[in-house]
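Coordinates in review
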Amino acid sequence: LAKTTQPISMDSYEGQEVNITCSHNNIATNDYITWYQQFPSQGPRFIIQGYKTKVTNEVASLFIPADRKSSTLSLPRVSLSDTAVYYCLRRDTGRRALTFGSGTRLQVQP
Amino acid sequence: KAGVTQTPRYLIKTRGQQVTLSCSPISGHRSVSWYQQTPGQGLQFLFEYFSETQRNKGNFPGRFSGRQFSNSRSEMNVSTLELGDSALYLCASSLEAPAPYEQYFGPGTRLTVT
């Protein structure tokens, strides 16, 4: 059974880099990891997605090490508006299973 | 471009009743997925539809069902409601499925079962 775990919460300060890790077992080569951001009373919002090594877009980077037992969302310079809950989503391409992590509550302080 | 819309936004039902929730995807999107979000269980995948066909299903009892229409709009139905069905039900749309295309979520329907 796919299992995906994340830290419950993290604290940071404005301007710092934040790295949130998602641990997952038995992830196959082509299994995708997607990260979402969610604010209260809103649906999750897509941040970044990938299945190998490193992906970067205008807001974040996603790192997946060679053993594929974890993935890390990197937010380069957080601001107060990045205070939210962050979820990783694992898509098992073989079994088509979709498994969300439990979410990490990021609090950014001034 | 209009986002994903879900109706109703809030709903209160009594145990034993049934409920139908509606989702209108972003124009041009052909895939719709449904998720349940609760404080205890977090975000859980319900099902995924593409071109009126269910492509993928999560681990929920048969009381949870859905369908997709030819215009890509989707509905999900929960029969014989239980107290534990109280949750935020989220719908997401994407261009294609089952490839991991970027999903756009709606604001959700908050269902309260009393």
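Since the structure is predicted, the reported quantities are computational estimates derived from the model, not experimental observations. (Residues numbered from 1 in each chain as written. Chains lettered and ligands numbered in written order. Predicted model: local features only at pLDDT ≥ 70, side-chain atom pairs only at ≥ 80, totals over all residues. Heavy atoms only, no water.)

Turning to the sheet that holds strand β6 (residues 54-56) of chain A, a few remarks are in order. With respect to topology, 5 strands assemble into an open sheet ordered β1-β3-β8-β7-β6 (chain A), the strand pairing being antiparallel. Edge positions in the open sheet fall to β1 (4-5) and β6 of chain A, since each of these has one partner strand only. (Pairing = 2+ DSSP bridges. Helix = DSSP H or I, 4+ residues; strand = E, 2+ residues; numbered from the N terminus.)

What follows deals with the pattern of salt bridges. Residue and element names in this part refer to chain B. Per the stated rule, a full pass over the model turns up 5 salt bridges over all chains. Taking the shortest distance from any N to any O, the salt bridge between arginine 73 and glutamate 75 comes out at 3.4 Å. On the basis of relative accessible area, glutamate 75 is assigned to the buried category, the value being 16%. Several salt bridges share partner residues, and in doing so they unite Arg63, Glu82 and Asp85 into one network. (Salt bridge = Lys/Arg side-chain N within 4 Å of Asp/Glu carboxyl O. Buried < 20%, exposed > 50% of the residue type's maximum accessible area, 1.4 Å probe, protein only.)

Turning next to the nonpolar core. Within soluble globular proteins, side chains that are nonpolar tend to cluster in buried spots. Judged by nonpolar contacts, the single largest core of 21 residues is most densely connected at B:Trp34, B:Leu46, B:Phe64, B:Met76 and B:Tyr89. Residue assignment for this core shows that the elements contributing at least two residues are β3 (19-24), β4 (31-38), β5 (42-50), β8 (74-78), β9 (87-94) and β11 (109-113) of chain B. The contact partners of B:Phe64, leaving out residues within four places of it in the chain, are B:Gln36, B:Leu46, B:Phe47, B:Met76, B:Asn77, B:Val78, B:Asp85 and B:Tyr89. Counting residues in each nonpolar core, the second largest holds 19 residues, with A:Ile20, A:Ile47, A:Leu75 and A:Val108 among its members. (Core = buried A, V, L, I, M, F, W, Y, C linked by side-chain atoms within 4.5 Å. Contact = heavy atoms within 4.5 Å.)

Okay, the interface of chain B and chain A next. Bring the parts together and some accessible area is lost; that lost area is often taken as the interface size. The interface is formed by 17 residues belonging to chain B together with 16 residues belonging to chain A. Together chain B and chain A conceal approximately 1600 Å² of surface at their shared face, both sides included; 53% is due to carbon and sulfur atoms. For the pair chain B and chain A, the number of links is 1 salt bridge. Note that A:Arg91 is salt-bridged to B:Glu48, the shortest N-O span being 3.5 Å. On the surface where chain B and chain A come into contact, there are 3 residue pairs in polar contact (both at pLDDT 80 or more). Where the side of chain B that touches chain A is concerned, the elements lending two or more residues are β4, β5 and β6 (53-57) of chain B. With 3 residues, the single largest contributor to the side of chain B that touches chain A is β5(B). (Buried area = accessible area lost by both parts, 1.4 Å probe. Polar contact = N/O pair within 3.5 Å; in protein donor to acceptor, adjacent residues only side chain to side chain.)

This next bit is on unusual backbone geometry. A cis amide bond, omega -10°, links B:Thr7 with the succeeding residue B:Pro8. Considering the arrangement of structural elements, one finds B:Pro8 in the loop between β1 (5-7) and β2 (10-13). Although it is not a glycine, A:Arg68 adopts a positive phi angle of roughly 55°. Within the fold, A:Arg68 resides in the loop between β7 (61-63) and β8 (70-75). Of note in this structure, B:Ser72 is not a glycine but carries a positive phi near 80°.

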